[in-house]
Amino acid sequence: MLIIPPGHAETLHVRRRLTRREIWMLGGVLGTIAVLAVVLVISFASSGPSSKSGCIYATIPAATGAQQVHECGAAARSTCATVLTPGAFTAQAASTLASECRKAGLPVG
């Protein structure tokens, strides 16, 4: 048998108005949720740089981190020309760079 204070059961069914402080808190929480939703939509909708028009943009993963390659013009053409050279890049890096070179319209190898 539970011991409940007198009148306690009746107060559970009575709705009360929110205080001014509770309304502000609720508004703050809802505002924060709305801002986070907008940030998430923008971050998923916007994309990073992509390879095109003679420029290559690639992220090459490695065991100790990753290397970002952002090259245009002569530097990009030189990198694309050496992609298939043995020992120049690891197999995974060469594959990634070759793909990005093709996207940029640059000759590979």
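Residues numbered from 1 in each chain as written. Predicted model: local features only at pLDDT ≥ 70, side-chain atom pairs only at ≥ 80, totals over all residues. Heavy atoms only, no water.

A. Examining the overall build of the chain more closely. Per the secondary structure count, the chain includes four helices and two strands. Starting at the N terminus and walking to the C terminus, you meet the elements of the chain as α-α-β-β-α-α. Taken against the 2.2 N^0.38 rule, which gives 13 Å for 109 residues, the C-alpha radius of gyration of the chain at 29 Å runs more than 25% over that of a compact globule. Considered along the principal axes of its C-alpha atoms, the chain spans approximately 85 × 35 × 20 Å. Residue burial in the chain is summarised as follows: out of 109 residues, 17% are buried. The long-range share in the chain, meaning contacts at least 24 apart out of those at least 6 apart in sequence, stands at 44%. Considering the chain, the positive charge centre built from 9 side chains and the negative charge centre built from 4 side chains are found 6 Å apart. (Helix = DSSP H or I, 4+ residues; strand = E, 2+ residues; numbered from the N terminus. Rg over C-alpha atoms; globule rule 2.2 N^0.38 Å. Buried < 20%, exposed > 50% of the residue type's maximum accessible area, 1.4 Å probe, protein only. Contact = heavy atoms within 4.5 Å. Lys, Arg positive; Asp, Glu negative; His and termini not counted. Charge placed at Lys NZ, Arg CZ, Asp CG, Glu CD.)

B. Local environment of the pattern of salt bridges. If you walk through the whole model with that rule in mind, you get one salt bridge. Residues E100 and K103 are paired through a salt bridge, measuring 3.2 Å at the closest nitrogen-oxygen approach. Taken together, the residues span about one helical turn, with E100 and K103 both in helix α4 (residues 91-103) at a distance of three residues. (Salt bridge = Lys/Arg side-chain N within 4 Å of Asp/Glu carboxyl O.)

C. Quick peek at the side chain of T79. Assignment of secondary structure puts T79 in helix α3 (residues 73-82). Beyond its immediate stretch of four places on either side in the chain, T79 contacts I56, E71, F89 and L97.

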